[in-house]
Every structure is written in C-alpha cells, then in structure tokens.
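# Fold and contact review
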Amino acid sequence: MSAPVAEHVLASAVVQPEVLTGFSGPDAPPWEVINTCVHCGFCLPACPTYKLTLRERSSPRGRITLIKAVAEGRLDLMDPTFQDEMYLCLNCRACEAACPSGVKYGELVESARAQIEAQSPRTLRVRSARIAAFRGVFGSSRRFRAASAGLRLYQRTGAQRFVRRSGLLRRVGLAEKEALLPELSERFLVPGKEFWPAEGVRRGTVALLAGCIMSTAYAEVHRATARVLSRNGFDVIVPPGQGCCGALAIHSGDLEAGRAAARANIAAFSSPSIDAVVSNAAGCGAAMREYDFLLRNDPDWAERARRIAGKVRDVSEFLADQGLVATPGPLAVTVTYQEPCHLVHAQRISRQPRELLAAIPELQLIEMPESALCCGSAGIYNLLQPEMSSALLERKLANATSTGAAIIVSANPGCMLQMAAGLRSKGVQTEVVHIMTLLDRAYAALDVTAAAAN
Amino acid sequence: MASALGPATKSALISKLAAIVGEAHVASDAAGLAVYEFDASDEAIAGHHLPLVAVLPGSAEEVVQVVNLALAHDLPVVARGAGTGLAGGAIAARGGILIVMTRMTRIHEINEIDRYAVVEPGIVNLDLSNTLLQQGYFFAPDPASQRVCTLGGNIANNSGGPHCLKYGVTSNHILGLEVVLPSGELTWVGGPSGETSGYDLTGAIVGSEGTLGIVTKAMVRLTRKPEAVAVLLAAFPSMDAASRAVSAIVAAGVLPASLEMMDALTISAVEAAFHCGYPTDAAAVLLVELDGLAETVAEHGEIVARKCREHEATMVRHATTKAEQDLLWLGRKSAFGTLGRLAPNYYLQDTVVPRTKLPPALEFVGQLGREFRLEIANVFHAGDGNLHPLMLFDRRERGAIQRVLEAGDALLEYCIAAGGAVSGEHGIGMEKKDALSLCFTTDDLRAMAGLKRSFDPRELFNPEKIFPSGFSCGEVNQLKQQSLMRDGMYVV
Ligand SMILES: Cc1cc2nc3c(=O)[nH]c(=O)nc-3n(C[C@H](O)[C@H](O)[C@H](O)COP(=O)(O)OP(=O)(O)OC[C@H]3O[C@@H](n4cnc5c(N)ncnc54)[C@H](O)[C@@H]3O)c2cc1C
Ligand code: SF4
Ligand code: SF4
C-alpha cells in the first residue's frame with residue numbers, strides 16, 4: 001500500500017506552483033500514515049505552536065496537509081514555508097495523543113525532516129555542523145563525557161562566573177544558550193562501572209539506560225533512580241556498550257546516526273536476563289520504544305529492535321505498575337508536576353507519576369494549568385527556535401509558579417534544564433527536581449526517622 | 001477560479017492587507033494557502049480551491065477594512081473559523097480573501113444580571129463554556145467538535161450538539177450580533193432582551209453560513225450550570241431495541257439533556273482510540289445525560305434505566321465519578337475521528353427523521369450498506385432523530401466515491417420522504433446545495449435568494465454556497481425537481 005498518487009489530484013483544477021523536488025526513497029513519510037488524517041482538527045487545541053500562532057500552517061493538521069501536498073507533488077520539498085513549519089514543530093507529539101484517528105504524527109515529521117536534510121544543499125552548512133555534533137559528540141558516549149568534562153572544568157574553575165559577568169556571551173549571541181548549560185555532576189555515570197543489588201526479596205533485573213545528558217549532567221538522578229529500584233527489589237545494572245538513545249539525531253532528521261545509536265543499544269541491552277530496560281529520561285524512553293519503526297527496513301535488526309523496544313519502560317511507569325514494596329518516608333513539601341511531552345504524549349504515561357507522588361506521605365501535589373503543554377525545550381529546539389521556545393517557557397513557568405508549589409517535579413532532563421534555566425534568569429527560588437530524586441529523598445527521610453527511633 | 005488580478009495589483013493588495021492586519025497575519029504563498037484547501041469535510045465535497053490570500057484579523061475594525069478592500073477589488077470574501085465544518089462552508093470556492101477569525105478570542109463583557117456575554121467569534125466553544133463556568137454558567141450548544149470549533153462557526157452553521165436535545169441549538173442562545181455587512185458597514189442586530197420588533201435579523205444571520213455577513217461579536221445567552229448531572233450508559237442487542245428505548249424514554253415524560261446512540265462499529269473504533277469503557281460486545285449503546293435538580297435527576301435516572309431494561313438492555317451503568325463521565329463523553333465526542341482508523345476516508349451524512357421513524361431509517365441505512373457495498377457506522381443524536389451515518393471508503397479504490405455519493409443521495413431522499421430534513425446541524429455549504437431543491441419549492445428558494453440579494457447584491461460573501469448550482473439569479477434547477485416528482489420522491 002505505498003504512495004500511489006490519488007486520481008483526483010490529476011483532475012485538480014488549481015494552478016500549481018512549479019514542483020521540482022519531492023519525497024523519495026524508503027524513508028519518505030509513509031502514505032498510510034498521511035492518509036489516516038481525516039482533517040477533523042481535534043489536534044489543534046493540543047498543539048503548542050498553534051496555540052501561540054492560531055494559524056493553520058503551524059498546526060498539526062496544517063503540517064500534515066503540507067506533507068501530503070509534497071507527497072502528492074503539489075508542493076516543493078524545498079518550499080521555505082514547508083521547511084520552516086517542519087522545524088517550528090516541537091515534535092512534542094501532543095497532537096498524536098489528541099488524535100482520535102490514530103495518526104502517527106511523529107513518524108511523519110521525522111521522515112519529512114530526514115527528506116529535507118538529505119535533499120537540501122541550502123542548509124548544508126548548518127546540517128554538516130549539526131551532524132558533526134551528533135555523530136561526533138552524541139554518537140559516542142566516551143567523547144560526550146570528554147566534552148562534558150571540559151564543560152565541567154569551565155564551570156568549576158570560576159571561568160563561568162567570569163564569562164557570565166563580563167557579558168561576553170551576550171555580545172556573541174550565546175547568552176541564552178549558555179544559560180542552558182547544565183551544572184554537571186561531580187561524578188559521571190559510566191556504563192558497566194556501577195551496580196546496585198536488590199534489597200529484600202529480589203523481583204527481577206532491570207537495565208538502566210544511562211544516556212548522554214543524563215549520565216553527565218544528571219548522574220545523581222541515575223544513582224537516585226537505581227537506589228529507588230533496588231529498594232523495591234530490583235537488581236540494577238548499567239550494561240556497557242550502550243550510548244546515546246539517538247533521539248536528538250532522529251528528531252533533526254539524521255536517521256542514519258539514529259540507527260547507529262539504536263543498533264549499539266540493542267546489542268548492549270540484548271541479554272535475556274534483563275527483565276526490563278528502564279529509562280528515567282522521557283525523551284530517551286520514547287525513542288527506544290520506536291526502535292522497531294526506525295529499523296523496520298533493516299532485515300538484520302528489525303526483529304531484535306522489536307524485542308528490545310517491547311522491553312522499554314519509563315521508570316515511573318515501571319515502579320507504579322510493579323507496585324512499591326517499600327513505603328517511602330514523609331516529605332512535607334508542596335510540589336507541582338510538569339508532564340514531559342515524551343512521557344505524556346509519546347508514551348501516554350500520566351497516571352503513574354502521580355501515583356508515585358501520592359505514595360509519599362505528607363507531600364502535597366498542586367496541579368498546574370496546562371501541565372501537558374510543552375515547555376519549549378524539545379531536545380535542541382531551544383537552540384534552533386529561541387523565540388517560540390522562550391514564549392512556551394514563559395507560559396510554562398507562569399503556570400507552574402501560579403501554584404505556589406516549592407518544587408516542580410519533572411521526569412525528563414531537557415525539560416528540567418529548560419525550566420531551571422528559566423527560573424534562574426528570573427531569580428525565582430522554585431526548585432526543579434526529577435521524580436526519582438524526590439522518591440529517593442523520601443526513602444532517605446525514612447532512614448533518618450528509623451535512625452532517630454533507634 | 002481565483003480572481004484575475006495582475007501580479008502588480010495582487011502584490012499591492014497584499015501590502016495593503018499587511019498594513020491592516022500586520023505582516024505576520026497575511027498568507028499568500030503556496031504552502032501558507034495550501035492548508036486552507038480543507039475543512040473537515042471529505043475532499044470530494046471541498047474540491048481543491050485556494051483563496052488568493054488569507055488574513056487573520058485581530059479586531060472588528062480590521063475586518064471592516066479588509067472587507068472594504070475586497071469590495072474595492074471585487075473579490076469574494078469567505079470567513080473561516082477552526083475549519084471543522086463538514087459541508088465545505090469555509091472553503092474559498094471562488095478564491096478571493098479568506099478571513100480566518102481564530103485570533104479574535106476576546107470576551108468583552110459578562111453580564112450576570114441580564115445573563116449575557118459579549119464575545120468575539122474566534123473563541124473556541126469549550127473555552128467560552130469553561131470561562132463562563134467559573135461564574136456558574138455555560139454556553140449550552142456543544143457540538144461534538146467543541147474543543148476545536150469556534151463560536152463564529154457555530155453561529156454560521158446554527159450548530160447543534162448532544163445537549164441541544166434539551167437546550168436547543170445555537171440560534172436559541174444568540175441574543176444579538178455585531179456583523180460586517182456585504183456593504184462594508186459594521187452594525188449590531190438584536191440585543192440583550194432577545195426580543196426585537198420588526199424583522200428578526202439576528203435570526204436571519206444565524207445559520208446563514210457567512211453568506212449575509214461576517215460576525216465580529218456575539219451576545220450569547222448564559223445558561224445556569226445545573227445542580228446535578230447524571231450519565232447513564234445502556235447496552236443493547238440491536239439498534240432496533242435501542243431506538244425503541246429512545247422513544248420509550250421520551251414518551252415517559254423524561255427530557256434528557258442528551259440522548260446519544262452508537263453502533264458496534266463505532267464502539268470498536270472509539271475503544272481502540274481511547275479505552276473509554278464502552279462495551280465492545282453490544283450491538284448498540286445509548287449514552288444518556290440527565291441534569292437539573294438532584295431529586296429530579298435521580299428520579300429520572302431510574303425511569304431511564306427501567307425503560308432501557310424493558311427494551312432488552314443487557315446492561316445499564318451509572319457513571320458515578322466526574323472522571324468516568326468525562327471519559328464516556330470523550331469517546332462519544334471523538335467518535336467521528338476515531339473512525340478514521342478503520343478506513344482512509346469517510347463521508348458523513350447529516351439528516352433528520354422524525355424520532356418515531358428511527359427504526360425503519362436505521363434499517364434503510366443497513367440496506368444501503370449492503371446494496372452499495374459500504375461499511376457504514378452510526379453515531380448520532382438519537383433524541384432528535386438526527387442521523388449521522390458515516391460511510392467508510394478508500395478513495396483510491398475505483399468507483400468508491402461514486403458509490404458513496406449515490407448512497408448519500410438515496411439516504412437524503414429517503415429521509416425527506418419520511419418527513420425529515422436535508423441537514424440536521426452541519427449546514428448546507430458546498431455539500432448539500434443541490435439537495436436543497438429536494439425539500440424547498442422554487443418559490444421558497446426564490447424567497448431565500450431575495451433575502452440574500454438584499455444583503456449581498458454583488459454575491460461576494462461566501463459565494464457558491466447554500467444555493468443550488470445555477471441558481472444565482474433565481475433560476476432554480478427545475479429539471480431536477482421535475483424528474484424527482486416523476487419518481488415520486490419529491491414532497492412539497
Ligand atoms: C468530529 C466532528 C464532530 C462534529 N460534531 C458536530 C455536532 O455535534 N454538531 C454540529 O452541529 N456540528 C458538528 N460538527 C461540525 C462543525 O464542527 C460545526 O459546524 C462547527 O460549528 C464549525 O465551526 P468552525 O469554527 O470549525 O467553522 P468553519 O468550519 O471554519 O466554518 C463553518 C462556516 O462558518 C462560517 N463562519 C465561520 N466564522 C464565521 C464568522 N465569524 N462570521 C460568519 N461566518 C463564519 C464559514 O464561512 C463557514 O461557512 C462536527 C465536526 C467534526 C469534525
Ligand atoms: S486529530 Fe488526527 S485526524 Fe484529526 S486533523 Fe489532527 S491529525 Fe488529522
Ligand atoms: S508535535 Fe507538537 S508542535 Fe508538532 S504539530 Fe504536534 S502538537 Fe504541534
């Protein structure tokens with residue numbers, strides 16, 4: 001059932017612009033997916049870019065119409081508006097979750113971007129820089145850690161404070177980007193080097209995806225995650241040989257780099273003794289769950305990809321569904337929960353994190369308005385589309401702080417960096433905390449109470 | 001097709017439009033316009049028509065200026081809301097300027113004493129209701145598309161919705177309108193009292209699908225939020241049993257806020273999409289909402305449950321929590337879209353039969369499916385006898401569209417013969433303009449055309465809509481009527 005041009009198109013009475021380039025090759029947006037859209041418009045109110053612009057071309061339905069027009073040869077792949085819209089999209093997948101017809105929008109936009117990247121001499125310069133970054137830095141965890149170590153030096157030596165104060169970055173147009181640089185962890189998490197045995201009755205073995213940003217900027221979140229899992233009866237391993245999940249490359253249209261990352265991870269996680277592959281980064285988990293689509297045309301890997309994709313769980317989903325065997329200690333704090341797009345929309349996980357929060361005694365959850373509206377981080381979107389990104393961040397922070405909660409709980413490193421940077425630049429004290437860190441604190445509180453009782 | 005403006009005139013026009021609404025709110029490039037080729041109707045209805053230029057004004061004053069510019073260039077003007085219309089109403093069938101109203105979302109006034117609000121037409125139906133809810137009111141018309149569709153679209157199509165069984169359709173909730181007329185003037189019709197002496201111009205404009213004027217503000221009626229709400233779900237072994245239960249409920253003197261039916265095919269699609277808790281083994285379900293005083297709601301709930309059981313219901317369930325009720329409604333309100341999972345294309349008919357004729361009408365729909373080899377899903381406002389058979393097809397299959405359109409026509413003719421109407425609530429637009437001559441006489445149509453001409457003598461406001469093809473100057477397609485009369489299908 002692949003892409004025949006519909007009859008009616010030939011009969012179309014509209015004078016068409018000259019079309020020179022269209023989709024081609026096996027990575028073209030699948031016709032069956034385009035065709036599932038019945039243009040009902042139910043996705044419009046869910047879409048952040050539509051919400052802010054209120055114009056059809058910046059809506060999911062509009063983007064699908066554009067992709068369809070290119071697929072049918074009525075619009076050029078190189079059309080500047082088409083390209084703008086493919087990149088203004090956050091790939092937050094809110095439209096997918098809202099769509100009654102089950103349109104797999106993510107597959108469409110990712111394939112469309114790959115087509116643009118493959119065809120586009122105009123963006124070559126940007127593209128090659130991007131590809132160098134993806135393949136060079138994100139493509140190898142060792143190199144990513146090395147690059148990150150340089151960054152850590154920059155932060156620790158006080159150079160950061162100096163550069164920030166000097167206004168140097170602002171002058172070269174990098175201020176916003178620099179503000180996004182994470183405070184790096186003291187000790188990175190290196191796959192294969194750490195292990196946490198199950199406490200109490202052993203319930204299984206989980207393999208943790210270390211990832212790139214998480215393993216360096218948020219290594220402590222990993223350790224917290226591992227402690228929470230082990231306290232609940234799971235052996236936690238971090239298999240060697242794994243690397244970046246590939247999401248950043250895939251979202252930018254570099255499918256080959258994404259496939260290389262996927263193959264490495266599939267090999268790393270293939271041991272049958274692993275009961276579940278657990279991710280604490282919503283974006284990585286979502287990408288791994290789609291390895292089967294990514295490698296569908298690769299006969300050597302398609303089957304293995306399907307098997308691993310089926311084992312991937314977000315850590316909140318995993319813990320809530322398995323049930324906590326150890327009750328957390330009390331935390332008398334007010335929190336609000338921010339739903340990462342790639343958790344709530346791409347993986348449809350919304351109930352489980354709230355169940356975990358509800359399991360912490362004395363914790364008070366105050367829901368924020370529009371919790372599931374993108375914060376504007378979206379991988380490297382904040383670097384490429386600063387205007388839309390900061391408008392969404394403003395909206396997110398206004399919603400979050402309107403609750404008066406002391407802590408914003410999240411479950412994705414990109415969102416956490418984005419919100420923390422936004423709060424810092426406003427001088428607001430609200431803390432941004434990963435849900436596993438919070439649970440880990442609650443268990444630690446338990447230990448303190450126990451120690452006091454003795 | 002699009003107007004014959006030369007490139008220089010066109011670019012001058014675009015700069016003038018940009019000066020009025022701002023450059024960011026004008027689209028004239030290929031991709032910027034391609035997205036307006038559609039509304040929610042099938043492309044067999046919408047065709048492939050592009051506006052010359054699209055603008056997104058921010059205020060009534062800007063709309064006035066845009067309209068005057070169009071008049072000066074003799075260009076058609078078409079208003080568009082969210083583009084969820086199912087009859088092609090928002091398509092720029094003769095090109096011209098498309099005025100997209102989605103940026104005009106302000107609420108100017110909420111008057112609790114006189115029970116009205118003054119609102120801009122681009123506001124989304126549900127956003128309006130949610131805002132009013134904070135003061136204990138809501139806007140009663142609730143098309144299933146209410147999360148998306150705009151108040152302006154509701155007014156132009158005189159839209160209905162599940163709750164219109166009890167509360168009435170949009171026209172019952174519009175007290176007055178601010179409109180830009182085809183003369184280019186801005187004026188108010190109607191007012192807070194809802195009573196007008198002389199012509200009821202508000203009534204004329206509601207339902208006129210943008211052919212008589214562009215609404216720039218609406219004075220809407222505030223309805224008090226009911227004290228109690230109950231939602232019941234009943235499963236039946238056949239559509240027939242469910243239809244009889246509907247009549248029995250109404251005959252028992254209960255007026256539910258809504259009374260909706262879905263068949264097995266629809267239920268399977270809805271459950272695949274959202275897991276709402278509908279029984280997938282039922283041949284039909286009724287979703288009944290009751291509202292009002294707590295005692296009455298409880299009492300009526302028992303009557304409804306009893307009537308359902310008397311008519312073979314295999315299960316009756318009360319949705320007790322708000323979350324459970326919302327989930328059932330999410331399923332019902334998303335139902336059309338979920339059917340997109342079953343086939344690449346669908347054609348949705350919107351017709352009405354008297355409620356008592358529901359069982360034979362549904363039987364006829366079943367027959368049509370067999371005769372034209374079509375899968376047909378049914379999800380509709382049973383309480384009003386407003387059918388929505390949804391015919392599934394794949395446009396790439398040779399002859400499929402033809403079979404669908406023929407089946408649609410056959411159904412329309414059946415419903416009219418049964419004493420019904422060509423459109424329940426989705427409007428005439430481009431879809432049903434030729435069907436209009438099935439239920440109106442030449443004189444009726446001539447009177448309507450007279451009204452249209454007195455508003456819009458130059459025929460620039462949403463042309464090619466409502467009136468049958470070839471009817472532009474009062475010439476009805478009499479041949480078609482005569483042939484139908486011969487076939488005994490035409491009812492005067
Ligand atoms: C899944 C689905 C479910 C639906 N359920 C229902 C239902 O239950 N009941 C129902 O009645 N309809 C239903 N509809 C049809 C549709 O949603 C309604 O007709 C709705 O009112 C259209 O609103 P819109 O903003 O999308 O208008 P559009 O489709 O953009 O426009 C519709 C018409 O309104 C005119 N218009 C828009 N704004 C203005 C204005 N400011 N001034 C003058 N004219 C204007 C346009 O020119 C056009 O003729 C459904 C549609 C879908 C896709
Ligand atoms: S909700 Fe789904 S089917 Fe409807 S317009 Fe959006 S993508 Fe298309
Ligand atoms: S992925 Fe997000 S930004 Fe992109 S179209 Fe869908 S909802 Fe809009």
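Residues numbered from 1 in each chain as written. Chains lettered and ligands numbered in written order. Predicted model: local features only at pLDDT ≥ 70, side-chain atom pairs only at ≥ 80, totals over all residues. Heavy atoms only, no water.

## Remarks on the nonpolar core
If you look at the biggest cluster of nonpolar residues, it comprises 74 residues, and the most contacted ones within it are A:Ile67, A:Phe82, A:Met86, B:Met262, B:Tyr278, B:Val285 and B:Leu390. Once residues within four sequence positions are removed from consideration, B:Val285 is found in contact with B:Leu233, B:Ala234, B:Ala235, B:Glu260, B:Met261, B:Met262, B:Ile267, B:Tyr278 and B:Pro279. In terms of nonpolar packing, the next biggest core, distinct from the first, is built from 53 residues, B:Val246, B:Leu387, B:Met391 and B:Cys415 among them. (Core = buried A, V, L, I, M, F, W, Y, C linked by side-chain atoms within 4.5 Å. Buried < 20%, exposed > 50% of the residue type's maximum accessible area, 1.4 Å probe, protein only. Contact = heavy atoms within 4.5 Å.)

## As for the confidence of the model for chain B
All names here are of chain B. This prediction gives chain B a mean pLDDT of 90; 94% of its residues lie at or above 70. The low-confidence segment residues 473-492, where pLDDT is below 50, has 32 contacts with residues more than four positions distant or belonging to other chains. Interface confidence in the predicted complex, given as ipTM, is 0.89; pTM for the same model is 0.86. (pLDDT = per-residue confidence, 0-100.)

## Observations regarding the domain arrangement of chain B
All names here are of chain B. Assigned domains of chain B: these are domain 1 (7-100), domain 2 (107-224), domain 3 (228-337) and domain 4 (343-492). Listed per partner, the contact involves 20 residues of domain 2 and 16 residues of domain 4. Summing both partners gives a buried area of about 1,400 Å² for domain 2 against domain 4, and 65% of it is carried by carbon and sulfur. When residues of domain 2 are sorted by the area they lose upon contact with domain 4, Pro182, Glu209 and Thr211 head the list and together hold 39% of the total. Linking domain 2 to domain 4 there are four residue pairs in polar contact (both at pLDDT 80 or more). Tallying contributions element by element places helix α8 (residues 201-205) first for the side of domain 2 that touches domain 4, with three residues. Among the residues making up the side of domain 2 that touches domain 4, the classes are represented as ten nonpolar, nine polar and one charged. (Domains from an automatic or database assignment. Buried area = accessible area lost by both parts, 1.4 Å probe. Polar contact = N/O pair within 3.5 Å; in protein donor to acceptor, adjacent residues only side chain to side chain. Helix = DSSP H or I, 4+ residues; strand = E, 2+ residues; numbered from the N terminus. Nonpolar A, V, L, I, M, F, W, Y, C, P; charged D, E, K, R; others polar.)

## Some points on the interface of chain B and chain A
The interface is formed by 41 residues belonging to chain B together with 39 residues belonging to chain A. Between chain B and chain A, the buried area comes to about 3,200 Å², and carbon and sulfur atoms account for 60% of it. Three residues, B:Val35, B:His48 and B:Arg396, lead the burial of chain B against chain A; their summed loss comes to 20% of the area buried on that side. The salt bridge involving B:Glu43 is made with A:Lys68; its shortest N-O contact spans 3.0 Å. When residues of the side of chain B that touches chain A are traced back to their parent elements, those giving at least two are α2 (30-34), α10 (264-274) and α13 (335-338) of chain B. The leading source of residues in the side of chain B that touches chain A is α2(B), at four residues. Of the residues contributing to the side of chain B that touches chain A, the split by class is 17 nonpolar, twelve polar and twelve charged. (Salt bridge = Lys/Arg side-chain N within 4 Å of Asp/Glu carboxyl O.)

## Observations regarding the pattern of salt bridges
It is possible for side chains of opposite charge to pair when their charged atoms get near one another. Residue and element names in this part refer to chain A. On inspection of all chains with the given rule, the structure shows 46 salt bridges over all chains. In this structure, aspartate 27 engages arginine 259 in a salt bridge whose closest nitrogen and oxygen atoms are separated by 2.8 Å. Residue aspartate 27 is found in the loop between α1 (7-11) and α2 (31-34), and its partner arginine 259 is found in helix α16 (residues 255-268); the two are separated by 232 residues along the sequence. Each of the two residues, aspartate 27 as well as arginine 259, counts as buried. We note a salt bridge from arginine 55 to glutamate 85, for which the minimum N-O separation is 3.6 Å. One end of the pair, arginine 55, is in the loop between α3 (48-53) and α4 (60-71); the other, glutamate 85, is in helix α5 (residues 80-88), with 30 residues separating them in the sequence. Neither arginine 55 nor glutamate 85 differs from the other in exposure class; each is buried.

## Considering the pairing of strand β4 (residues 97-100) of chain B
Residue and element names in this part refer to chain B. The two faces of β4 match: Ile97 and Ile99 on one face and Leu98 and Val100 on the other face are all buried. Here strand β2 (residues 53-55) pairs with β4 via three bridges, running parallel. Note on β4: the bridge partner recorded for valine 55 is isoleucine 99. (Pairing = 2+ DSSP bridges.)

## Side note on the packing of helix α9 (residues 239-251) of chain B against helix α11 (residues 294-310) of chain B
When two helices pack together, their arrangement is captured by the angle between the axes and the distance separating the axes. All names here are of chain B. At a minimum axis separation of 9 Å, α9 and α11 run at an interaxial angle of 145 degrees. Here α9 and α11 pass one another in a crossing that is right-handed. Packed against α9, whose contacting residues are Ala245, Ala248 and Ile249, the element α11 presents Val304, Lys307 and Cys308 at the interface. Considering only residue class, the contact of α9 with α11 consists of five nonpolar, no polar and one charged. (Axes fitted to C-alpha atoms, helices over the stretch in contact; angles between N-to-C directions. Left-handed = near helix turned anticlockwise from the far one by under 90°.)

## Section: the side chain of B:Glu37
By the secondary structure assignment, B:Glu37 is in the loop between α2 and α3 (43-46). Look at B:Glu37 and you get buried, because its relative accessible area is 3%. Within the structure, the side chain of B:Glu37 is placed 3.0 Å from the side chain of A:Arg74, a separation counted as a polar contact.

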